[in-house]
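Results of the structural survey
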Amino acid sequence: MMNFPGSGILKGMVVTARNMIGSYFDRAHAKRLITEQYPEERPTLPEASRSFPFLVFDGQDPEAGMRCVACKICEKECPPQCIFIEQDRDANGKLLRRPKIFDIDISVCMGCQICVESCPFESIRMDNIYEMSSCDRFGSLVIHKGQLLKSNEYYRSINPTEAAETDARIEAARIKKAAAAKVAAEKVAAARAAAAAKAAAEQAAQPPSEPEQPAP
Amino acid sequence: MNFLENLPLATKKFILDLVEWVCGWFCSKLGIQLPGWVMPALLTLVSILIVIVALIAVFMVMFALMSVFERKILARMQNRYGPNRVGFFRWRLCGLFQPVADGIKMLTKEDIVPRGADKIVHFLAPIVMVAPALILPVILPYGRGMVPIELSSGILFFFALGAGTELAVFMAGWSSNNKYSVMGAMRAIAQMISYELPLVMSAVVVALVAGTLSPNGIVEAQGGLSFGFLPNWFVFTPWGFVACLLFYIGALAESNRSPFDLPEGESELVAGHLTEYSGFKYAIFFMAEYVGMFAINGLLVTLFLGGYQAPFAFLDFIPSWCWFFGKLAFLAFTMVWVRATMPRFRIDQMMQFAWKLMLPMSFAALISAATWYYTGRGLLGWALSILIVGVPYLILGYFCFTRRHTADNRRYLFSE
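Reading the values: rules and limits
Residues numbered from 1 in each chain as written. Chains lettered and ligands numbered in written order. Predicted model: local features only at pLDDT ≥ 70, side-chain atom pairs only at ≥ 80, totals over all residues. Heavy atoms only, no water. Helix = DSSP H or I, 4+ residues; strand = E, 2+ residues; numbered from the N terminus. Rg over C-alpha atoms; globule rule 2.2 N^0.38 Å. Buried < 20%, exposed > 50% of the residue type's maximum accessible area, 1.4 Å probe, protein only. Contact = heavy atoms within 4.5 Å. Areas by Shrake-Rupley, 256 points an atom, 1.4 Å probe, with all protein chains shown as cover. Lys, Arg positive; Asp, Glu negative; His and termini not counted. Charge placed at Lys NZ, Arg CZ, Asp CG, Glu CD. Pairing = 2+ DSSP bridges. Salt bridge = Lys/Arg side-chain N within 4 Å of Asp/Glu carboxyl O. Domains from an automatic or database assignment. Buried area = accessible area lost by both parts, 1.4 Å probe. Nonpolar A, V, L, I, M, F, W, Y, C, P; charged D, E, K, R; others polar. Polar contact = N/O pair within 3.5 Å; in protein donor to acceptor, adjacent residues only side chain to side chain. Core = buried A, V, L, I, M, F, W, Y, C linked by side-chain atoms within 4.5 Å. Phe/Tyr/Trp six-rings, centres within 6.5 Å; stacked < 30°, edge-to-face > 60°. Lys NZ or Arg CZ within 6 Å of the ring centre and 35° of its normal. Axes fitted to C-alpha atoms, helices over the stretch in contact; angles between N-to-C directions. Parallel < 35°, antiparallel > 145°, perpendicular 65-115°, else oblique.

Overview of the overall build of chain B
Helix and strand content of chain B: 13 helices and 2 strands. The C-alpha radius of gyration of chain B comes to 24 Å, within 12% of the 22 Å expected for a compact globule of 416 residues. In terms of principal-axis extent, the alpha carbons of chain B reach across some 95 × 65 × 45 Å. Every one of the 416 residues in chain B was classed for burial, and the buried ones make up 47%. Residue pairs at least 24 apart in sequence account for 75% of intrachain contacts in chain B once pairs closer than 6 positions are excluded. Accessible surface computed for chain B: about 20,900 Å², of which carbon and sulfur atoms make up 72%. Of the side chains in chain B, 29 bear a positive and 23 a negative charge, and the two mean positions are spaced by 7 Å.

Written out as structure tokens, the structure reads:
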């Protein structure tokens, strides 16, 4: 293009015009109109995106499959102290290994993921939901156990990589536990067998005789 | 398409006839004998009212459409969508109802007057601003025989009235009792007075060639073709092209639009003279700005782009008023285009540009036009007039506005 006084203005005008026309016609071009029209178009969130924690359960029944054992580690670790746990008791008042109350105040939660990292039971995980507005400042921002419990399938759907890792870890732990149990059972069986054998041997060494009746 | 061409005038005549008939019917019903002067006076009044209502309605609708289309075009030029939500119930209509939402918002906002403000002047400033802006469009010829007020010196009237804007801007700035307002107002005064001169000079060029100050006469002078293919519009002559550009730049500056939006430059002054205005007064300032922009663009159409005339005779089937508003819409679009393209001037660049380039160029255009006119509008005239505007432009461009005069040989001590 020729250079004369004022030609820079014309070049600039051409650039803006090209952008305007391009925004209407080369829509496939990924660099133009990158705005997502939010309620209609949803972003595909990356796996690592996270908002607030949730509780994972296995199987179909949330209460039965709950992984949480109410150990309260997450409650103690939580920096802004937004978790509240109360352990369940049975009819006799004996403590059970599951929570009766598990509340997370998401108006306080800062999404730091420390609860997830501290949980030894792979029970608490980060969710990626982001539409959590409510008309109420207090009640509906405290999420209770029923809302927090989500299935392992859901976890697999939002974060496949980490869910697979968790599943593998749980499976490995289960196999190890089963093996240990088997070893222990074998040991018990062996001990029992040995004891039985010893008893048999002792019996064999001492032929049975009539116990002497003490003379009256 | 004679029907469409005559539609506005026919509507007006129909309403007048209706009023006359209704009045006559009532009088005969009530048995009153009106004096002879009543009916013509009434019809004149109604005729004036029709023109006022039509003008205000048209310009308000254009203001509303402009406010949404400006945002949309600007957004498209920056690869965004722009407003596309506000619609009518569940029909979104590409956000076309955005101005309605804006208007409701503006009307329901609190009207805050600062405690230290000069309350009367603060109240009067938007009125003084909007009144001339709404009167300005009356002199423009919108179509064949469609001039609201036929003034033989309409151009003069336009500039005389248009200068009132400066007063209003300074009233707004001064009465707000705010340093940003005063600074913005002073910048606005400096800018408007500087650019008034090339603006009027480039209109003088047209008046010189057309030999009249009446807008309608100027439009008539641009009819026909020269050399058999070129419409006789003044923009298609060397001097007219230059004067048109000068007028356009002056119009940008007069209506405070980017890149001349220094008076309300939000990065330096909060909002210039608008800082202390809110609610409806703020909306009125904006309305005045936009209507003033349409008015001055309409004058540009009248002076240089052949007014309501079609470029070629075979395009005459499109009504003349459509041509006028089409050209106006094109100019409004280019103003948005310029706004999307250029950054804001620095204040010293702005003054330099007015006094060192635009003023000499407007004198050159005047001499060029005179040469063109007196050498008989032939090829010789074309050559001479191109020479007369071209040489000063190149000299000014290469020697007065080169990079040597700007601070680009800055030395970076640490960053390199």
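Re the sheet that holds strand 2 (residues 83–89) of chain A
Residue and element names in this part refer to chain A. Across the sheet, which stays open at both edges, the 3 strands sit in the order 2-3-5 with antiparallel pairing between neighbours. Each edge of the open sheet is held by one strand with a lone partner, namely strand 2 and strand 5 (142–143). Of the pairings in the sheet, the one linking strand 2 to strand 3 (residues 95–105) comprises 6 bridges and is antiparallel in character. Residue pairing across strands places Ile 85 opposite Phe 102, the latter belonging to strand 3.

Describing the pattern of salt bridges
The tally for this structure, following the rule as stated, stands at 19 salt bridges over all chains. Taking the shortest distance from any N to any O, the salt bridge between Arg257(B) and Glu70(B) comes out at 2.6 Å. Remark: Glu70(B) occurs in helix 2 (residues 38–77) and Arg257(B) occurs in the loop between helix 9 (238–254) and helix 10 (279–304); sequence separation between them is 187 residues. By relative accessible area, Arg257(B) is classed as buried at 7%. Taken together, the salt bridges that share partners define one network made up of Asp58(A), Arg67(A), Glu153(A), Arg156(A) and Asp167(A).

Here's the deal with the domain arrangement of chain B
Residues and elements named next belong to chain B. Here chain B is described as being made up of domain 1 (2–31 + 45–97) and domain 2 (109–401). Placing a centre on the C-alpha atoms of domain 1 and another on those of domain 2 gives a separation of 25 Å. Counting residues at the interface gives 16 residues for domain 1, matched by 26 residues for domain 2. Approximately 2,100 Å² of surface area, both sides summed, lies buried where domain 1 meets domain 2, with 83% of it carried by carbon and sulfur atoms. Here domain 1 and domain 2 share 2 salt bridges between them.

Brief notes about the pairing of strand 3 of chain A
Residue and element names in this part refer to chain A. In textbook terms, the turn of a hairpin is the stretch between consecutive antiparallel strands, and for strand 2 and strand 3 this stretch comprises 5 residues, one of which, Gly 93, has a positive phi near 85°. Note that strand 3 and strand 5 share 2 bridges and pair antiparallel. Directly across from Asp 105, in strand 5, lies its bridge partner Val 142.

Focus on the interface of chain A and chain B
Listed per partner, the contact involves 22 residues of chain A and 19 residues of chain B. Summed over both sides, the interface between chain A and chain B buries roughly 1,800 Å², with carbon and sulfur atoms accounting for 58% of that surface. At the boundary of chain A with chain B, the tally comes to 1 salt bridge. Put simply, Glu40(A) and Arg85(B) hold a salt bridge, and the shortest N to O gap is 3.6 Å. Residue composition of the side of chain A that touches chain B, by class: 11 nonpolar, 8 polar and 3 charged.

Some remarks on the pairing of strand 1 (residues 53–57) of chain A
All names here are of chain A. The element strand 1 is largely enclosed, with a buried count of 5 among its 5 residues. Of the pairings in the sheet, the one linking strand 1 to strand 4 (residues 124–126) comprises 3 bridges and is antiparallel in character. Bridge pairing in strand 4 links Phe 54 to Arg 125. When strand 1 meets strand 6 (residues 149–151), the two strands line up parallel, connected through 3 bridges. Note that in strand 6 the partner of Val 56 across the bridge is Lys 150.

Here's the deal with the side chain of Asp127(A)
Residues and elements named next belong to chain A. Of note, Asp 127 is situated in the loop between strand 4 and strand 5. Engagement of the side chain of Asp 127 in a polar contact is seen with the side chain of Tyr 154, the distance being 2.5 Å. If near-sequence neighbours (up to four positions away) are discounted, Asp 127 is found in contact with Ser 49, Arg 50, Ser 51, Phe 52, Pro 53, Phe 54, Lys 150, Tyr 154 and Ile 158.

Re the nonpolar core
If you look at the biggest cluster of nonpolar residues, it comprises 98 residues, and the most contacted ones within it are Tyr195(B), Phe247(B), Leu299(B), Leu303(B) and Phe304(B). With 15 residues, helix 10 of chain B is the largest single contributor of residues to this core. Dropping the residues within four chain positions of it, Tyr195(B) is found in contact with Ile249(B), Gly250(B), Ala253(B), Glu254(B), Phe260(B), Met350(B), Phe353(B), Ala354(B) and Met358(B). Membership of the second largest hydrophobic core comes to 24 residues, among which are Ala70(A), Cys78(A), Ile83(A) and Phe102(A).

Structural notes on the packing of aromatic side chains
Taken as a whole, this structure holds 25 aromatic pairs over all chains when the rule is applied. Joined through ring pairs, the aromatic side chains of Phe59(B), Tyr142(B), Phe294(B), Phe324(B) and Phe325(B) make up one cluster. Sitting over the ring of Phe54(A), Lys150(A) keeps its end group 5.9 Å from the ring centre. Taking NZ or CZ as reference, Lys327(B) lies 4.0 Å from the ring centre of Trp233(B), over its face.

Topic: the packing of helix 9 of chain B against helix 10 of chain B
Residues and elements named next belong to chain B. Between helix 9 and helix 10, the least distance of the axes is 10 Å, while the angle of their chain directions is 175°. The orientation of helix 9 relative to helix 10 falls into the category roughly antiparallel. On helix 10, the residues touching Gly 240, Ala 243, Cys 244, Phe 247, Tyr 248, Ala 251 and Glu 254 of helix 9 are Ile 296, Leu 299, Leu 300, Leu 303 and Phe 304. Partitioned by chemical class, the residues of the contact of helix 9 with helix 10 number 10 nonpolar, 1 polar and 1 charged.

Here's the deal with the sheet that holds strand 6 of chain A
Residues and elements named next belong to chain A. Spatially, the 3 strands line up as an open sheet ordered 4-1-6, and their pairing is mixed. At either margin of the open sheet sits one strand with a lone partner, and together these are strand 4 and strand 6. Across the sheet, the mean angle from the axis of one strand to that of its neighbour is 55°, orientation sign disregarded.

Details of the side chain of Asn152(A)
Residues and elements named next belong to chain A. Tracing the backbone shows Asn 152 in helix 5 (residues 152–158). Relative accessible area serves as the criterion here: at 4%, Asn 152 is assigned to the buried category. In this structure Asn 152 touches Val 56, Phe 57, Asp 58, Arg 67 and Asp 167, once residues within four positions along its chain are discounted.

Remarks on the environment of Ile170(A)
Residues and elements named next belong to chain A. Tracing the chain through its elements places Ile 170 in helix 6 (residues 160–205). By relative accessible area, which is 30% here, Ile 170 ends up partly exposed. Residues Ile 170 and Phe 121 lie 49 residues apart in sequence; the distance between their C-alpha atoms is 8.7 Å. Setting aside anything within four residues of it in sequence, one finds Ile 170 in contact with Arg 67 and Glu 122.

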